[in-house]
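# Coordinate inspection notes
Here is what each chain is made of, one letter per residue.
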Amino acid sequence: MKFMKLGSRPDTFYTTEAVRSVSSEVSSDLIVQVKGSRYLLHKFPLLSKCLRLQRLCSENPESSQHQIIQLPDFPGGIEAFELCAKFCYGITITLSAYNIVAARCAAEYLQMTEDVEKGNLIYKIEVFFNSCILQGWRDSIITLQSTKAFSLWSEDLGITSRCIEAIASKVMSNPSKVSLSHSYSRRGRDDISCNGSESQRHKPVTKGWWAEDLAELGIDLYWRTMIAIKSGGKVPSNLIGDALRIYAAKWLPNISRSRNLDNQLDSENEMDSVKEVGSKHRLLLESIVSLLPAEKGAVSCGFLSKLLKAANILKASSSSKMELARRIGIQLEDASVGDLLIPSLSYSSEMVYDVDIVMTILEQFMLQGQSPPTSPPRVKGEFERRRRSRSAENIDFEFQESRRSSSASHSSKLKVAKLVDGYLQEIARDVNLPLSKFIAVAESIPEFARVDHDDLYKAIDIYLKGHPSLNKSERKRLCRILDCRKLSMQACMHAAQNELLPLRVVVQVLFFEQARAAMAGGQVTELPSNIKALLNDHHSSRPDGAASNKTMTPAADDQWSVSGLKSPKSNLSTLKMKLAEDDDLDENYTDGKHSRVKSFCMIPNRPKKMLSKLWSNNKSTNEKNG
C-alpha cells in the first residue's frame, strides 16, 4: 500500500478533561466543536488555510476570550478534523487509501483551496490521489470501499467515478502489467511510499485474478464497476460470468441443496433471517441478473438455476425470474435434473416444486429450435464450378454451418427429452401435483425427441403409485402420452403385469410385443398390412429412420424389475376377466381404433400361443424368484 507524509513537526495534541489542545507558548483563542468533541486551538494557523473558518469567525463576533465555532455536520468526524488541524499546524500526518477519502471531504468542507494558500491540503491530496492511489490495484479498491461512508461527498468530488474507471482500466489491461491482486498481496509486504517502488514483483496467477478482489465491494459499487468493465468490451464474457458467480457465492444467502427446502429452512430457523434481510438480498440478486452476459454459455446452467431458486425464496421480481428462465432455456441441454427442481414457496400452491417456471423454461428452449435449412441449388458443369465466385463459396460455408447448427439443435432436443423424463420421475412423487401439469410437462417435448419411452413409463408408474385416487378416465388420460411401440422388452414385461395401468394400455403392450416377437422369431413370414403399418410407424419415428434395436434390449440402469410386481395365479384368466369387466373398452376402440383388436386377432395361431407362453414364463420366473 502506498502512503504520503505531510508536515515535519511532532504531534503535540493532547487531551485534558475531554478537551483536545495543542502544546504551544501562545494561548489559544478558538474553540471548535465537532460532533460533541471540543478542540482548544489557535486562529492564526487554522484561519490561514481554511476559508470556511474565516467566514464563520467573521459572522460570529467574539463574545469572550475564546471564539466558539460549531461544526455539527463535519464529514469524517473528529478523526478527519484533527488530521486537517494538524496539517495547519505543520504536524506530520500520513495519508493512505484508508483515510484519503475522509481527508479529502474534510478539506473540501473547510475550503482548504489554493485561493487561500498555495500548496494547500486539497491540492496535495489530489496530487497523491491521482499519481499514487489510482495507479495501484489494491489502493483503488480500498479507496472505493471507503467512499461508501461519504457517498454524496465522494460523488460530488468525483472520487467514486475515478476509482471505478481506474479499476476497470486495470482489469481490461494486460494482466501481466497489473499490480498484485488484493487477496494475493495481503500475504506480502504492501507498505510502499508514494515515491518508492515495490520490493517484490508478482504476476497474477489466473486471468480472473480480479474477481475475488472486487467481491469485497458492496452491490452498488460492484454493479457500477462491472458495468464499466463490460462496457469496455475487452474482458471475455466467461470471465464476467465467473466473477458474478464468485460474488453471488459470497453475498447471497446459503441456498439449501435439499429437495424439501421449505421444511429445512423452518427446521433451521433460517426463514426468519431471510425475511429480515430479504430486501437487501433481493436487490443484490436482481443486480446480478442484470449483469449477466448476453452470450450463451457465459455462465453455467447450474449457476443460473441457483439464482432462480434464490429468486423464488427471496420473492424477486417476475422480470428477473423470467430472464433467468429464458437464459436457462437457451442452454437447457447442459442442465441436470437437480437444476430443474426449483422449490415452490408460493402460498397459492402446495406443490413441492415450481412446475410453472419449468414450463416457461421448456417453452424458451423450444423457441431456439430451427427447421433444417433448404439446400442451395447445385452448380452443374465443370466450367460453372470453376467460375464460381467467392461469394458463392461463402454461401456454401454458411449453409454447412447452418446445417451443423440445426444438427446440434436436434441433438439438444434428444438430451432435453431425457432430462424432462428424469424431471417427471422426480415431481411425480409430489402428491399435490395436478395431473394436468404432469401431462403438460410430458407433452412439451416433441414426439421425435423421445427415442424410447422407458423413462416416461417409469414416471407414469411413479405418478400412479403416488396418486392412488385417480379414477379410470384420469388414468387413461395419463397413459395417452405413452407410446407402447417405444417400450423395451423389460418395460413391456413390467407394463403387462402392472395392475395400475388401464386395460387399454396392457392390451396395446401385449399386441405390439407379440407382433414384434412374431417377426423377430421368424414364426410369421408375413403379417397383415395393418399390423405392418403400425410397426413401420414406430420404425419411421426414429430420427435416423432405422429400426430400433433398443426396444428389444433392457436398459442397463433400470431401477425397477418385473419381479417387483404382484403376479396373479393365472395372468391369462385375469386378462380375460378384466376384458369382461371393463365397460369402457368398446368406447376406446370403436371410433377408428377397433381395427387394432381385429389386427391382433388376425395374427396366426402360433403367435397367439406365444401370448400364453409369455404369461406362463412370467409365472415360473416369479415363482423362482419367490
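Residues numbered from 1 in each chain as written. Predicted model: local features only at pLDDT ≥ 70, side-chain atom pairs only at ≥ 80, totals over all residues. Heavy atoms only, no water.

As a further point, take the overall build of the protein chain. A tally of helices and strands in the protein chain yields 31 helices and eight strands. Per-residue burial over the protein chain gives 47% buried out of 626 residues. Within the protein chain, residue pairs in contact and separated by at least 24 positions form 73% of the contacts whose partners lie at least 6 positions apart. Total accessible area on the protein chain is roughly 32,600 Å²; 50% of this is exposed by carbon and sulfur atoms. (Helix = DSSP H or I, 4+ residues; strand = E, 2+ residues; numbered from the N terminus. Buried < 20%, exposed > 50% of the residue type's maximum accessible area, 1.4 Å probe, protein only. Contact = heavy atoms within 4.5 Å. Areas by Shrake-Rupley, 256 points an atom, 1.4 Å probe, with all protein chains shown as cover.)

Right, let's get into the pattern of salt bridges. Considering all chains together, one arrives at 20 salt bridges under this definition. Across the pair Glu323 and Arg326 runs a salt bridge, and its minimum N-O distance is 2.9 Å. In this pair, Glu323 and Arg326 are both assigned in helix α17 (residues 318–330), three residues apart and thus about one turn of the helix distant. By sharing partners, the salt bridges in this structure join Asp11, Arg20, Glu82 and Lys86 into a single network. (Salt bridge = Lys/Arg side-chain N within 4 Å of Asp/Glu carboxyl O.)

Here helix α11 (residues 219–232) crosses helix α15 (residues 278–291) at 0 degrees, and the two axes come no closer than 11 Å. Compared by their axis directions, α11 and α15 come out roughly parallel. Together, Ile219, Tyr222, Trp223, Met226, Ile227 and Lys230 of α11 and Leu284, Ser287, Ser290 and Leu291 of α15 make up the contact between the two elements. When grouped by side-chain class, the residues that make up the contact of α11 with α15 number seven nonpolar, two polar and one charged. (Axes fitted to C-alpha atoms, helices over the stretch in contact; angles between N-to-C directions. Parallel < 35°, antiparallel > 145°, perpendicular 65-115°, else oblique. Nonpolar A, V, L, I, M, F, W, Y, C, P; charged D, E, K, R; others polar.)

Here we take up unusual backbone geometry. In this structure, Glu17 is a non-glycine residue whose phi angle is positive, near 50 degrees. Position of Glu17 among the secondary structure elements: in the loop between β2 (13–16) and β3 (19–22). On the accessibility criterion, Glu17 (76% relative accessible area) is exposed. In this structure, Ala18 takes a positive phi of about 65 degrees despite not being glycine. Here Ala18 is to be found in the loop between β2 and β3.

Before going further, it helps to spend a moment on the nonpolar core. Within the largest apolar cluster, 155 residues are counted, with the highest numbers of intra-cluster contacts made by Leu71 and Trp210. Every residue in contact with Trp210, bar those within four places of it in the chain, is listed here: Trp137, Val171, Met226, Ile229, Val235, Leu239, Ile240 and Ala243. (Core = buried A, V, L, I, M, F, W, Y, C linked by side-chain atoms within 4.5 Å.)

Between two aromatic rings, the relevant description is the distance of the centres plus the angle of the planes. In the structure shown here, the tally under the stated rule is nine aromatic pairs. Ring geometry for Phe13 and Tyr89: centres 6.1 Å apart, planes at 85 degrees, overall edge-to-face. Of this pair, Phe13 sits in strand β2 while Tyr89 is found in helix α3 (residues 77–89), placing the two residues 76 residues apart along the sequence. The two residues Phe13 and Tyr89 agree in class, both being buried. Among the aromatic residues, those joined into a cluster by ring pairs are Tyr39, Phe74, Phe81, Tyr109 and Trp153. Sitting over the face of the ring of Phe13, Lys86 holds its NZ or CZ atom 5.7 Å from the ring centroid. Positioned over the ring face of Trp251 is Lys250, at 5.5 Å from the centre of the ring. (Phe/Tyr/Trp six-rings, centres within 6.5 Å; stacked < 30°, edge-to-face > 60°. Lys NZ or Arg CZ within 6 Å of the ring centre and 35° of its normal.)

Attention shifts here to the environment of Ile133. For Ile133, the location among the structural elements is in the loop between α5 (121–131) and α6 (137–146). Take Ile133: its relative accessible area is 0%, and that puts it in the buried class. In the structure, Ile133 is positioned 33 residues away from Ile100 in sequence and 9.1 Å away in space, judged by C-alpha atoms. Not counting chain neighbours up to four residues away, the residues in contact with Ile133 comprise Ser96, Ala97, Ile100, Phe128, Asp139, Ser140 and Thr143.

The residue Ser287 is located in helix α15 in this model. Accessibility expressed as a relative area gives 12% for Ser287, which makes it buried. Taking the C-alpha atoms as reference points, Ser287 and Ser320, separated by 33 residues in sequence, lie 9.3 Å from one another. With residues up to four places along the chain from it excluded, the contact list for Ser287 reads Ile219 and Trp223.

Further remarks concern the packing of helix α8 (residues 159–172) against α11. With their axes 9 Å apart at the nearest point, α8 and α11 run at an angle of 45 degrees to one another. Classed by the angle they form, the pair α8 and α11 counts as oblique. Seen along the crossing, α8 lies across α11 with a hand that is right-handed. Here α8 contributes Thr160, Ser161, Ile164, Ile167, Ala168, Val171 and Met172 to the contact with α11, which in turn contributes Leu221, Arg224, Thr225, Ala228, Ile229 and Gly232. Of the residues that constitute the contact of α8 with α11, the class distribution is eight nonpolar, four polar and one charged. (Left-handed = near helix turned anticlockwise from the far one by under 90°.)

In terms of residue burial, helix α25 (residues 489–496) counts as a mostly covered element, since six of its eight residues are buried. All buried positions along α25 are accounted for by Gln490, Ala491, Cys492, His494, Ala495 and Ala496.

By way of backbone hydrogen bonds, the strands of a sheet pair with one another, either parallel or antiparallel. Within the open sheet, the five strands sit side by side as β2-β3-β5-β4-β6. Their pairing is mixed. Each of the sheet's edge strands pairs with one partner strand only, and the pair in question is β2 and β6 (67–70). Between one strand and the next, the sheet's axes are offset by a mean angle of 25 degrees, whatever the strand orientation. Across three bridges, the pairing between β3 and strand β5 (residues 37–41) is parallel. Counterpart to Val19 in the pairing with β5 is Arg38. Contacts between α3 and the sheet are confined to β2, β3, β4 (30–34) and β5, with β5 contributing the most and set at about 5 degrees to the helix. (Pairing = 2+ DSSP bridges.)

This part covers the confidence of the model for the protein chain. For the protein chain, the average pLDDT comes to 77, and 66% of its residues sit at 70 or higher. Note on residues 195–205: pLDDT is under 50 here. Beyond four places in sequence and across chains, it has eight contacts. Ignoring residues within four places in sequence, the model shows residues 370–395, a span with pLDDT below 50, making 16 contacts including any to other chains. (pLDDT = per-residue confidence, 0-100.)

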